[in-house]
Amino acid sequence: MLQLIAIVAICKEDGSISMGDEAVKIFLNAKGTLDDVSDELKAFLDYVAGKKPKDVYVERLEEAVKEAKKNERSRKLFQARISALFRFSFLSLPPYSGEKFT
């Protein structure tokens, strides 16, 4: 099973047509079994899957997460910022005009 999957937008009806925006969506699979990612990314994915950190970066990340969980004010501030970001993102999108993208 792959650990990293990259997907680009291709037309379902005609596979020769793509969005052309060069956007790539990357999906990471923490339960993947193939060694198709770097050791550092594998250490992070293992951590996400619930394993103990095996990497200095992931150990630092775990400490930061523990500290953030301890601090109620930081957690509420983070939640408020994320909530505001999502509201802003959806509210600031213009309505779709029906014109084709080029």
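Residues numbered from 1 in each chain as written. Predicted model: local features only at pLDDT ≥ 70, side-chain atom pairs only at ≥ 80, totals over all residues. Heavy atoms only, no water.

Overview of the overall build of the protein chain
Reasoning step 1: Scanning the protein chain from terminus to terminus reveals 3 helices and 2 strands.
Reasoning step 2: Reading the protein chain from its N terminus to its C terminus gives the helix and strand order β-β-α-α-α.
Reasoning step 3: Taken across its 102 residues, the protein chain has 11% of its residues classed as buried.
Reasoning step 4: Accessible area of the protein chain: about 9000 Å², with a carbon and sulfur share of 61%. (Helix = DSSP H or I, 4+ residues; strand = E, 2+ residues; numbered from the N terminus. Buried < 20%, exposed > 50% of the residue type's maximum accessible area, 1.4 Å probe, protein only. Areas by Shrake-Rupley, 256 points an atom, 1.4 Å probe, with all protein chains shown as cover.)

Here we look at helix α2 (residues 56–70)
Reasoning step 1: Its 15 residues place the ends of α2 21 Å apart at the C-alpha level, agreeing with the 21 Å of an ideal helix rising 1.5 Å per residue.
Reasoning step 2: Backbone nitrogen of Tyr57 and a side-chain oxygen of the N-cap are separated by 2.7 Å at the start of α2; the cap is Asp55. (Expected span 1.5 Å × (residues − 1). Polar contact = N/O pair within 3.5 Å; in protein donor to acceptor, adjacent residues only side chain to side chain.)

Describing the side chain of Asp46
Reasoning step 1: Examined against the element boundaries, Asp46 turns out to sit in helix α1 (residues 39–48).
Reasoning step 2: Those residues in contact with Asp46 that lie beyond four places of it in its chain are Lys51 and Lys54. (Contact = heavy atoms within 4.5 Å.)

Some remarks on the packing of α1 against α2
Reasoning step 1: Interaxial distance between α1 and α2 falls to 10 Å at its minimum, and their mutual angle equals 35°. Each of Ala43, Phe44 and Tyr47 in α1 lies in contact with α2, whose residues at this interface are Val58, Leu61, Glu62 and Val65.
Reasoning step 2: When its residues are assigned to classes, the contact of α1 with α2 shows 6 nonpolar, no polar and 1 charged. (Axes fitted to C-alpha atoms, helices over the stretch in contact; angles between N-to-C directions. Nonpolar A, V, L, I, M, F, W, Y, C, P; charged D, E, K, R; others polar.)

Description of the pattern of salt bridges
Reasoning step 1: With the rule as written, the count across this model stands at 4 salt bridges.
Reasoning step 2: Ionic pairing is found between Lys42 and Asp46, a salt bridge with its closest N-O pair at 3.7 Å. In this pair, Lys42 and Asp46 both sit in helix α1, 4 residues apart, roughly one turn of the helix.
Reasoning step 3: You can call Asp46 buried: its relative accessible area is 6%.
Reasoning step 4: Two residues, Lys54 and Asp46, come together in a salt bridge whose shortest N-O distance is 3.6 Å.
Reasoning step 5: With a relative accessible area of 60%, Lys54 lands in the exposed category.
Reasoning step 6: Put simply, Lys42, Asp46, Lys51 and Lys54 are held in one network by salt bridges that share partners. (Salt bridge = Lys/Arg side-chain N within 4 Å of Asp/Glu carboxyl O.)

Bear in mind that shape data such as this cannot, by itself, settle questions of function.
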